[in-house]
Amino acid sequence: DDYGLRAQGSHGYIPPSWPLTAADRDTFKRWLEIANILGMEHMGTGADPTNTPYRADWDVAAQKWNTLGAIACREGIKLYTHNHDSAYDFLLDGGPLDAQGRPTRSSGIRKLEYFLKVTDRKSVYLELDVFWAHVAQYKFHTYTAHDGSQRERVFDPAALVERNSTRFPLFHAKDGVLNPQSGLGYDMVPFGTGDIDYRRFFT
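Parameters and conventions
Residues numbered from 1 in each chain as written. Predicted model: local features only at pLDDT ≥ 70, side-chain atom pairs only at ≥ 80, totals over all residues. Heavy atoms only, no water. Helix = DSSP H or I, 4+ residues; strand = E, 2+ residues; numbered from the N terminus. Rg over C-alpha atoms; globule rule 2.2 N^0.38 Å. Buried < 20%, exposed > 50% of the residue type's maximum accessible area, 1.4 Å probe, protein only. Contact = heavy atoms within 4.5 Å. Lys, Arg positive; Asp, Glu negative; His and termini not counted. Charge placed at Lys NZ, Arg CZ, Asp CG, Glu CD. Salt bridge = Lys/Arg side-chain N within 4 Å of Asp/Glu carboxyl O. Pairing = 2+ DSSP bridges. Right-handed = clockwise from strand over helix to strand, strands pointing away. Patch = residues over 30% accessible without salt bridge, like charges linked within 9 Å, V, L, I, M, F, W, Y side chains within 5 Å. Areas by Shrake-Rupley, 256 points an atom, 1.4 Å probe, with all protein chains shown as cover. Expected span 1.5 Å × (residues − 1). Arc of directions from axis to C-beta. Axes fitted to C-alpha atoms, helices over the stretch in contact; angles between N-to-C directions.

Caption draft 1: Structural view of the overall build of the protein. Check the secondary structure of the protein and you find 6 helices and 11 strands. Expected size for 203 residues packed as a compact globule is a radius of gyration near 17 Å; at 18 Å, the protein falls within 12% of this value. Expressed as a percentage of the 203 residues in the protein, the buried residues total 43%. Intrachain contacts of the protein at a sequence separation of at least 6 include 67% that bridge at least 24 residues. In the protein, 23 positive and 26 negative side-chain charges are present, and the distance between their average locations comes to 6 Å.

Caption draft 2: Quick look at the pattern of salt bridges. Within the structure shown, the criterion is met by 9 salt bridges. Here Arg163 ties to Glu113 by a salt bridge, and the two come within 3.5 Å at their closest N and O atoms. With Arg163 in helix 5 (residues 157-163) and Glu113 in helix 3 (residues 111-118), the pair connects residues that are 50 residues apart, well separated along the chain. Linked by salt bridges that have partners in common, Glu113, Arg153 and Arg163 make up one network.

Caption draft 3: Molecular detail of the pairing of strand 3 (residues 78-83). The buried fraction of strand 3 is high, at 5 of 6 residues. As paired elements, strand 2 (residues 42-45) and strand 3 share 4 bridges and run parallel to each other. Looking across to strand 3, one finds that Met43 is bridged to Leu79. A crossover connection joins strand 2 to the parallel strand 3 through helix 2 (residues 55-74); in handedness this β-α-β unit is right-handed. Sheet topology places strand 3 next to strand 6 (residues 124-129); 5 bridges connect them, and they run parallel. By the bridge assignment for strand 6, His82 is matched with Glu127.

Caption draft 4: Inspection of a nonpolar patch on the surface at higher detail. Side chains of Trp31, Ile34, Ile37 and Leu38 sit close together on the surface and give an oily, nonpolar patch of about 420 Å² of accessible area. With respect to the element layout, Ile37 can be found in helix 1 (residues 22-37). Take Ile37: its relative accessible area is 66%, and that puts it in the exposed class.

Caption draft 5: Focus on helix 1. With 16 residues, helix 1 ought to run about 22 Å at 1.5 Å a step, and its terminal C-alpha atoms sit 23 Å apart, in line with that. Where helix 1 is concerned, the buried positions are Asp24, Thr27, Phe28, Leu32 and Ala35. Summarising the axial view, the buried residues of helix 1 lie within an arc of 145°, below the 170-degree limit, and thus occupy one face. Among the exposed residues of helix 1, those oriented more than 90 degrees off its buried face are Ala22 and Ile37.

Caption draft 6: Summary view of the sheet that holds strand 1 (residues 9-11). Pairing is parallel across the open sheet formed by 5 strands, whose spatial order is 1-2-3-6-9. Edge positions in the open sheet fall to strand 1 and strand 9 (170-172), since each of these has one partner strand only. Strand-to-strand twist in this sheet, taken as the mean axis angle between neighbours without regard to direction, amounts to 30°. Across 3 bridges, strand 6 lies against strand 9 in parallel orientation. From the neighbouring strand, Asp129 faces strand 9, where its bridge partner is His172. Taken strand by strand, helix 3 contacts strand 3 and strand 6, and its axis lies near 155° from that of strand 6.

Set out below in structure tokens:
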């Protein structure tokens, strides 16, 4: 307040368990209260909704986030997940099963694209980390289809936002310079000095 700063959001508490325990629900509501006290419109996490590539696990994660999102919405807060590159890898949702009965091949949909489809657009949101989305563009461009063929599908982070503009209320704006030798495809650089087309994102 002294310096006229306005807080937009922060990584807060996302309950680890599912189904929610009473203690987890109470702690989550306390974090929402803190966000409201600070005047923040958003609260989220710096972790993926789940750490596996399997559709069944993303379905469970969607149930959890739909429940948490509804609680946050009632408190006037937009709940978001902030993700790095791995969340934009391809979902495993078909093909031959492995020894544990899990799918081994993909329909070509990415994990967070699927998450957007199966969560409530009115209460579950994303904060796009623009740098790491471009790393995903570099790393994850081919997949093994259900029939075993290799297919290419290049990720366009800005197009994802354009198709789902109301689901991305926040950006984490980090810039990068192309460097195919880095292993990530980009080197992180001070904002405004890189190759990422931020004008497209911000419009």
